[in-house]
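Listed here are the chains, written in short residue letters.
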Amino acid sequence: MAKFIDEIRIYVQAGHGGHGAVTFHKEKFVEFGGPDGGDGGKGGDVIFQANRSLQTLDKYLPEKTYTAEDGHPGQKRNRSGSKGEDLILHVPLGTQIFRTDTQELLFDFKDEKDFITIARGGRGGKGNAFFKSSTHQAPKFSQDGEEGSWLTLTLSLKLLADVGIVGLPNSGKSTLLSKITHAHPKIAGYAFTTLSPNLGVVVRHGDSFRYTMADIPGIIEGASQGHGLGLSFLRHIERVKGILFVFDASSIDIEEDFKMLQHELEAYNPNLLTVPHLIAFNKIDIWENDANFTQDLLEKFSHLGRIIPISAVEETNLEQLLDAIDEEIFQFAVETT
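Residues numbered from 1 in each chain as written. Predicted model: local features only at pLDDT ≥ 70, side-chain atom pairs only at ≥ 80, totals over all residues. Heavy atoms only, no water.

### Notes on the overall build of the chain
Counting its secondary structure elements, the chain contains five helices and 14 strands. Looking at the chain as a whole, 47% of its 337 residues qualify as buried. Taken as a whole, the chain presents about 17500 Å² of accessible surface, with 49% of it coming from carbon and sulfur. (Helix = DSSP H or I, 4+ residues; strand = E, 2+ residues; numbered from the N terminus. Buried < 20%, exposed > 50% of the residue type's maximum accessible area, 1.4 Å probe, protein only. Areas by Shrake-Rupley, 256 points an atom, 1.4 Å probe, with all protein chains shown as cover.)

### A short note on the pattern of salt bridges
A full pass over the atoms with the stated rule returns 20 salt bridges. The closest approach of N and O atoms between E112 and R52, which form a salt bridge, is 3.2 Å. Taken together, the residues span a long stretch of sequence, with E112 in the loop between β6 (104-108) and β7 (115-119) and R52 in the loop between β2 (46-50) and β3 (65-67) at a distance of 60 residues. E112 sits in the partly exposed class, given a relative accessible area of 43%. Linking R99 and D101 is a salt bridge whose minimum nitrogen-to-oxygen distance equals 2.9 Å. Among the residues examined, R99 registers a relative accessible area of 31% and is labelled partly exposed. (Salt bridge = Lys/Arg side-chain N within 4 Å of Asp/Glu carboxyl O.)

### Observations concerning the nonpolar core
Among soluble globular proteins, nonpolar side chains are generally buried collectively. Membership of the largest hydrophobic core comes to 54 residues, with the highest contact counts inside it found for V12, F48, Y60, I118 and F281. In terms of residue count, helix α3 (residues 254-268) provides more of this core than any other element does, five residues in total. Filtering out sequence-adjacent residues up to four positions away, V12 remains in contact with V46, F48, Y66, L89, I118, A119, S149, W150, L151 and L153. In terms of nonpolar packing, the next biggest core, distinct from the first, is built from 23 residues, F209, Y211, L278 and A280 among them. (Core = buried A, V, L, I, M, F, W, Y, C linked by side-chain atoms within 4.5 Å. Contact = heavy atoms within 4.5 Å.)

### Let's talk about the environment of D248
With respect to the helices and strands, the residue D248 is situated in strand β12 (residues 242-248). When the C-alpha atoms of D248 and N170 are compared, they prove to be 8.1 Å apart, with 78 residues separating the residues in sequence. With sequence-adjacent residues up to four places away left out, D248 is seen in contact with S171, I254, N282 and K283. A polar side-chain atom of D248 sits 2.7 Å from a polar atom in the side chain of S250. (Polar contact = N/O pair within 3.5 Å; in protein donor to acceptor, adjacent residues only side chain to side chain.)

### A word on the sheet that holds β3
Sheet strands associate in pairs through backbone hydrogen bonding, adopting either a parallel or an antiparallel arrangement. Spatially, five strands are ordered β3-β1-β8-β5-β6 in an open sheet, and the strand pairing comes out mixed. Lying at the two open borders of the sheet, with one neighbouring strand each, are β3 and β6. Taken over all neighbouring pairs, the strand axes of this sheet differ in orientation by 35 degrees on average, direction set aside. (Pairing = 2+ DSSP bridges. Axes fitted to C-alpha atoms, helices over the stretch in contact; angles between N-to-C directions.)

### Remarks on a positive patch on the surface
Side chains of K26, K76, R77 and R79 sit close together on the surface and give a patch of like positive charge. Considering the arrangement of structural elements, one finds K26 in the loop between β1 (7-13) and β2. According to the relative accessible area criterion, K26 is exposed, its value standing at 76%. (Patch = residues over 30% accessible without salt bridge, like charges linked within 9 Å, V, L, I, M, F, W, Y side chains within 5 Å. Lys, Arg positive; Asp, Glu negative; His and termini not counted. Charge placed at Lys NZ, Arg CZ, Asp CG, Glu CD.)

### Let's talk about the packing of helix α1 (residues 173-180) against helix α5 (residues 318-328)
Contact geometry for α1 and α5: axes closest at 11 Å, N-to-C directions at 90 degrees. By the angle between their directions, the pair α1 and α5 is classed as roughly perpendicular. Along the contact surface, α1 presents L176, K179 and I180, while α5 presents L318, L321 and L322. Class assignment for the residues of the contact of α1 with α5 results in five nonpolar, no polar and one charged. (Parallel < 35°, antiparallel > 145°, perpendicular 65-115°, else oblique. Nonpolar A, V, L, I, M, F, W, Y, C, P; charged D, E, K, R; others polar.)

### Some points on the side chain of T181
Position of T181 relative to the elements: it lies in the loop between α1 and β10 (198-204). Within the structure, the side chain of T181 is placed 2.8 Å from the backbone oxygen of L177, a separation counted as a polar contact. With residues up to four places along the chain from it excluded, the contact list for T181 reads G200, V201 and V202.

### Thoughts on the pairing of strand β11 (residues 209-215)
The element β11 is largely enclosed, with a buried count of six among its seven residues. Relative to β11, strand β9 (residues 163-166) is paired through three bridges, and the arrangement is parallel. Each residue of the ladder has a partner; that of G164, found in β11, is A214. Looking at chain direction, β10 and β11 are connected through seven bridges and run antiparallel. Each bridged residue has a counterpart across the sheet, and for V202 the counterpart in β11 is Y211. In this antiparallel pair of consecutive strands, β10 and β11, the connection spans four residues, and H205 shows a positive phi of 55 degrees.

So, in structure tokens, the structure goes:
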């Protein structure tokens with residue numbers, strides 16, 4: 001499995017323009033041919049393009065220079081050199097490109113059709129034919145091509161998920177994601193199994209409605225200050241339309257945990273508390289479907305928001321949970337039968 005990389009610094013170099021040629025026309029029985037050196041070709045551009053199939057920046061190597069092709073030099077008989085080939089670099093949706101020296105945001109990839117020319121190739125130089133004049137019939141010089149632009153860039157990825165799953169380590173977030181999407185996260189029974197965000201697609205209503213859901217690694221107290229997995233992954237919940245809080249229903253500290261999670265989200269970005277949220281109490285299978293106990297639990301914590309009791313492992317009430325997400329987060333009217 002590829003390592004999850006969500007921030008990296010690289011260098012990009014556009015191609016240099018090709019040099020103009022210094023040549024003279026040669027023809028049998030013509031002793032003095034005129035200048036016929038062609039212009040150099042333009043250097044290749046560096047272009048970034050969104051690619052929906054990518055979920056990490058792992059294809060890029062830190063501190064590496066990515067270079068477009070130089071323009072080709074001019075040729076005799078007034079033939080211009082060919083343009084250098086553009087370098088097209090693919091990045092996941094949600095990638096932001098910053099100019100490292102100024103921290104200026106150059107582009108934010110939000111749509112799969114997005115692309116930007118980030119560094120432009122240099123212009124090709126003029127050949128000596130260009131400099132011929134009535135007073136200078138045989139110029140023996142040409143123009144060098146211009147240098148292509150060079151930049152140091154920071155690529156920063158913020159997953160473009162519609163719904164973020166947030167909860168303490170080992171609350172069952174990854175299992176839930178695997179059950180309601182086609183994602184296949186690595187799952188084990190210990191804290192911090194998830195060391196990178198996992199992204200899946202939820203297909204609803206006969207495939208007439210789809211949305212993306214991200215399992216954000218377990219947030220602990222102090223995450224907004226970098227504790228635990230900390231700031232590394234809080235960024236991936238920044239642009240969600242809604243949040244699904246998942247708790248182990250057997251915990252005795254659900255209310256305190258909920259307040260802590262909200263505090264950490266608010267400390268990182270206060271806007272996160274303004275998006276719709278839903279709560280799932282997971283692992284209710286430990287009570288062997290004791291309806292009375294479950295109902296008592298829901299009533300006890302009803303002031304926290306709308307709660308759906310589920311068992312991700314046993315796939316209990318998952319359709320009810322998805323209906324609630326439709327209603328609470330997407331305001332999608334669910335038909336009842």
